[in-house]
Amino acid sequence: MKISAFHLMPTASCPTNFEQRYESVWGTPPWWELADARRVGQYYNWTLDELIYAGARGLRRPVHQ
């Protein structure tokens, strides 16, 4: 069995009119319109915490030979 962890570090707080203003979250909106400077560090730390948790439980990056 192979188990892996993957993380995109999503934006957790999009504006309510996001779907009307933007076609996609993949590079369409300018980051400064969506990034809440007070929360960016919190989101980043959550992402790192999740990746550290996965690593501590044995999930590792694949080694290519």
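Below you will find a few notes about this structure.

## Some remarks on the overall build of the protein
Next up, step 1: In terms of helices and strands, the protein carries three helices and zero strands.
Next up, step 2: For the protein, the succession of helices and strands along the chain, N to C, is α-α-α.
Next up, step 3: Across the 65 residues of the protein, 14% fall into the buried class.
Next up, step 4: About 6200 Å² of surface is accessible on the protein, with carbon and sulfur atoms providing 56% of the total.

## Comments concerning helix α3 (residues 37-56)
Next up, step 1: With 20 residues, α3 should cover 28 Å at 1.5 Å per step; its first-to-last C-alpha distance of 30 Å lies within 8% of that length.
Next up, step 2: Of the positions making up α3, those classed as buried are Y43, T47, A54 and G55. Looking straight down α3, one finds its buried side chains confined to an arc of 115°; they lie on one side. Along α3, exposed side chains directed more than 90 degrees from the buried face belong to R38, I52, Y53 and A56.
Next up, step 3: Looking one or two residues beyond α3, the residue adopting positive phi is G58, at roughly 105°.

## Thoughts on a nonpolar patch on the surface
Next up, step 1: Taken together, the side chains of Y44, L48, L51 and I52 define a hydrophobic patch exposed on the protein surface, amounting to about 380 Å² of accessible area.
Next up, step 2: Here L48 is to be found in helix α3.
Next up, step 3: L48 sits in the partly exposed class, given a relative accessible area of 34%.

The rules behind each value
- Residues numbered from 1 in each chain as written.
- Predicted model: local features only at pLDDT ≥ 70, side-chain atom pairs only at ≥ 80, totals over all residues.
- Heavy atoms only, no water.
- Helix = DSSP H or I, 4+ residues; strand = E, 2+ residues; numbered from the N terminus.
- Buried < 20%, exposed > 50% of the residue type's maximum accessible area, 1.4 Å probe, protein only.
- Areas by Shrake-Rupley, 256 points an atom, 1.4 Å probe, with all protein chains shown as cover.
- Expected span 1.5 Å × (residues − 1).
- Arc of directions from axis to C-beta.
- Patch = residues over 30% accessible without salt bridge, like charges linked within 9 Å, V, L, I, M, F, W, Y side chains within 5 Å.
- Salt bridge = Lys/Arg side-chain N within 4 Å of Asp/Glu carboxyl O.

Geometry only, nothing functional implied.
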